[in-house]
Protein chains: 2
Amino acid sequence: MNNEATATAVDTPPARTRGRGRRPADEVRADVLRAVGDVLLAEGIADLTFERVARLSGVSKTTLYKWWPSKGALALDGYFHAVQDRLAFPDTGDVRADLLEQLHAFVRLMTTTPGGRILTELIGEAQTDKELATAYRSLYSSERRRLAAERLRSAQEAGQLRDDVDVQVVVDQLWGAVYHRLLVPDEPVTGAFVEALVGNLLGGISSD
Amino acid sequence: MNNEATATAVDTPPARTRGRGRRPADEVRADVLRAVGDVLLAEGIADLTFERVARLSGVSKTTLYKWWPSKGALALDGYFHAVQDRLAFPDTGDVRADLLEQLHAFVRLMTTTPGGRILTELIGEAQTDKELATAYRSLYSSERRRLAAERLRSAQEAGQLRDDVDVQVVVDQLWGAVYHRLLVPDEPVTGAFVEALVGNLLGGISSD
């Protein structure tokens, strides 16, 4: 990154940065999201401020506020992009193995990085903050749901899951069950829990 | 209730109420919890104050604070007792029918009374309030879990559920899945959702 351009972008309103040296908005946004993701996964949400993101990304606070109206929105967008690769859904054709792999990665992220704390605090705050609730769904959960549902539907097409199963309900019985233990920690979130979730749901718990 | 005794209990410290007319503590606690439950289910948690509960139950605020150190603890204890009968676990010997009946009652309570809002706000606040998190678990969720697990174990003993199933995981895949939709409302909490939860888990979603 060009240091001079960075300094200018931080210190002046966006109008002043128009001109020859201006980078495409998409590139600038990606830089910001990268900076946000780095702070979140290294330190958590308490240390995330617009000031700090402006400094790290070389983008003015005015521009940041224009794109992300609240710290919650900025955090959710940055977090989504930071964990996208780690939470990718493999498709090897074996739905049990693929679900286990993705769920184990998800649980590791939730329990060994600030990820779990970030999401549970945002979900918590969203219960009494309507704007944050909307941001949570539009910038994070609905897209995670869509990606999970996509993998489950491909398993239905491959004849591995029953056709009459509503895949959105499966999302609640796998990832939703993990969130439940993260939010109300009566029982631990472990690898054995992941195995039991997948085992129970694929094979059923009835003894018939 | 004796009005004169009530006025005395509200207006004087507990030491002054000792003597002939004093009721057993258990009875007084039950009155308080009933008053709390009435307020919560009729109006929600915003209208619950120690002042109001003291007035309604005829118990001094000093005594209330001695028994319940925070509004969250008071609300959770009152709510637990208020919904206990409605959330009872039937045991007719048919685990599918019994789970459906209890889960439908639970979903009705969550969606047609202030119950859902009360619990999601308390869970939300508990994410950043350690004392409330402890109160939530000790006064509400751990006991609800115990009751659900008891019914599931009786189904294992009756040979209806597989012996190797960890019933605590089932709790997360049924009630936990409902809480997930209440807390992150990407998808609706309906009767059809309840049927799908039980159907998926008892029969399994695999097409093998």
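Procedures and definitions
- Residues numbered from 1 in each chain as written.
- Chains lettered and ligands numbered in written order.
- Predicted model: local features only at pLDDT ≥ 70, side-chain atom pairs only at ≥ 80, totals over all residues.
- Heavy atoms only, no water.
- Domains from an automatic or database assignment.
- Contact = heavy atoms within 4.5 Å.
- Buried area = accessible area lost by both parts, 1.4 Å probe.
- Polar contact = N/O pair within 3.5 Å; in protein donor to acceptor, adjacent residues only side chain to side chain.
- Helix = DSSP H or I, 4+ residues; strand = E, 2+ residues; numbered from the N terminus.
- Salt bridge = Lys/Arg side-chain N within 4 Å of Asp/Glu carboxyl O.
- Nonpolar A, V, L, I, M, F, W, Y, C, P; charged D, E, K, R; others polar.
- UniProt positions renumbered as here; feature names shortened; annotations may be inferred.
- Expected span 1.5 Å × (residues − 1).
- Buried < 20%, exposed > 50% of the residue type's maximum accessible area, 1.4 Å probe, protein only.
- Axes fitted to C-alpha atoms, helices over the stretch in contact; angles between N-to-C directions.
- Parallel < 35°, antiparallel > 145°, perpendicular 65-115°, else oblique.
- Left-handed = near helix turned anticlockwise from the far one by under 90°.
- Least-squares fit on C-alpha atoms with pLDDT ≥ 70 in both.
- Core = buried A, V, L, I, M, F, W, Y, C linked by side-chain atoms within 4.5 Å.

Draft legend 1. Looking closely at the domain arrangement of chain A. Residue and element names in this part refer to chain A. Segmenting chain A into domains produces domain 1 (3-80) and domain 2 (90-203). Once you take the C-alpha centre of each, domain 1 and domain 2 turn out to be 29 Å apart. Taken together, the contact between domain 1 and domain 2 spans 12 residues of the former and 17 residues of the latter. Considering only the side of domain 1, the residues that lose the most area to domain 2 are L76, Y79 and F80, jointly responsible for 57% of the buried surface there. Taken together, the links from domain 1 to domain 2 amount to 0 residue pairs in polar contact (both at pLDDT 80 or more). Of all the elements, helix α5 (residues 71-83) adds the most residues to the side of domain 1 that touches domain 2, at 6 residues.

Draft legend 2. Region of the structure containing the interface of chain B and chain A. Between chain B and chain A, the contact holds 45 residues from the first and 45 residues from the second. Contact with chain A buries area across many residues of chain B, yet B:Q127, B:H180 and B:I205 alone supply 17% of it, more than any other trio. The interface formed by chain B and chain A contains 6 salt bridges. Note that A:D172 and B:R181 form a salt bridge whose closest N and O atoms lie 2.6 Å from each other. Inspection of the region where chain B meets chain A yields 33 residue pairs in polar contact (both at pLDDT 80 or more). With 13 residues, the top contributor of residues to the side of chain B that touches chain A is helix α9 (residues 167-183) of chain B. In the side of chain B that touches chain A, the residues fall into 19 nonpolar, 18 polar and 8 charged.

Draft legend 3. Spatial organisation of the UniProt feature "DNA-binding region" (unreviewed entry) in chain A. Within this numbering scheme, the UniProt entry marks residues 49-68 of chain A as carrying the feature "DNA-binding region" (unreviewed entry). Annotated as residues 49-68 of chain A, this span is 75% helix and 0% strand, and its ends, taken at the C-alpha atoms, are 12 Å apart.

Draft legend 4. Seen up close, helix α10 (residues 191-203) of chain A. Under the 1.5 Å per step criterion, the end-to-end length of α10(A) is 18 Å for 13 residues, consistent within 8% with the ideal 18 Å. The complete set of buried residues in α10(A) reads A:F193, A:V194, A:A196, A:L197, A:V198, A:N200, A:L201 and A:L202. Here the buried face of α10(A) lies against α6 (95-112) and α9 (167-183) of chain A together with α9 and α10 (191-203) of chain B. Looking at where α10(A) begins, the residue whose side-chain oxygen comes 3.4 Å from the main-chain nitrogen of A:A192 is A:T190.

Draft legend 5. Broad picture of the packing of helix α2 (residues 25-43) of chain B against helix α3 (residues 50-57) of chain B. All names here are of chain B. Viewed as axis vectors pointing N to C, α2 and α3 meet at an angle of 120°, and their least axial separation amounts to 9 Å. By the angle between their directions, the pair α2 and α3 is classed as oblique. Viewed along their axes, α2 and α3 form a crossing whose handedness is right-handed. Residues D31, V32, A35, V36, V39 and E43 of α2 lie in contact with α3, whose contacting residues are R52, V53, L56 and S57. Taken together, the residues of the contact of α2 with α3 sort by class into 6 nonpolar, 1 polar and 3 charged.

Draft legend 6. Local environment of the environment of A:A105. All names here are of chain A. Looking at the element boundaries, A105 is found in helix α6. Taking the C-alpha atoms as reference, A105 lies 6.8 Å from R86; in sequence the two are 19 residues apart. Those residues in contact with A105 that lie beyond four places of it in its chain are R86 and L87.

Draft legend 7. Structural view of the relation of the copies chain B and chain A. Superposing chain B onto chain A requires a rotation of 180° together with a translation of 0.0 Å along the rotation axis, leaving an RMSD of 0.0 Å. Expressed as an axis order, the relation between the two copies is that of a two-fold axis. Both copies contact each other with a shared surface, as 100% of the interface residues of chain B are interface residues in chain A too.

Draft legend 8. Focus on the nonpolar core. Counting 137 residues, the largest nonpolar core has A:Y79, A:Y140, A:W175, B:Y79, B:Y140 and B:W175 as its most contacted members. Other than its neighbours up to four places away in sequence, B:Y140 contacts B:L76, B:Y79, B:F80, B:V83, B:L87, B:L119, B:A135 and B:Y179.

Draft legend 9. Structural context of the side chain of B:D172. Mapped onto the elements, B:D172 comes out in helix α9. On the accessibility criterion, B:D172 (0% relative accessible area) is buried. Among residues more than four places away in sequence, those in contact with B:D172 are A:A177, A:H180, A:R181, A:F193, B:R145 and B:A177.

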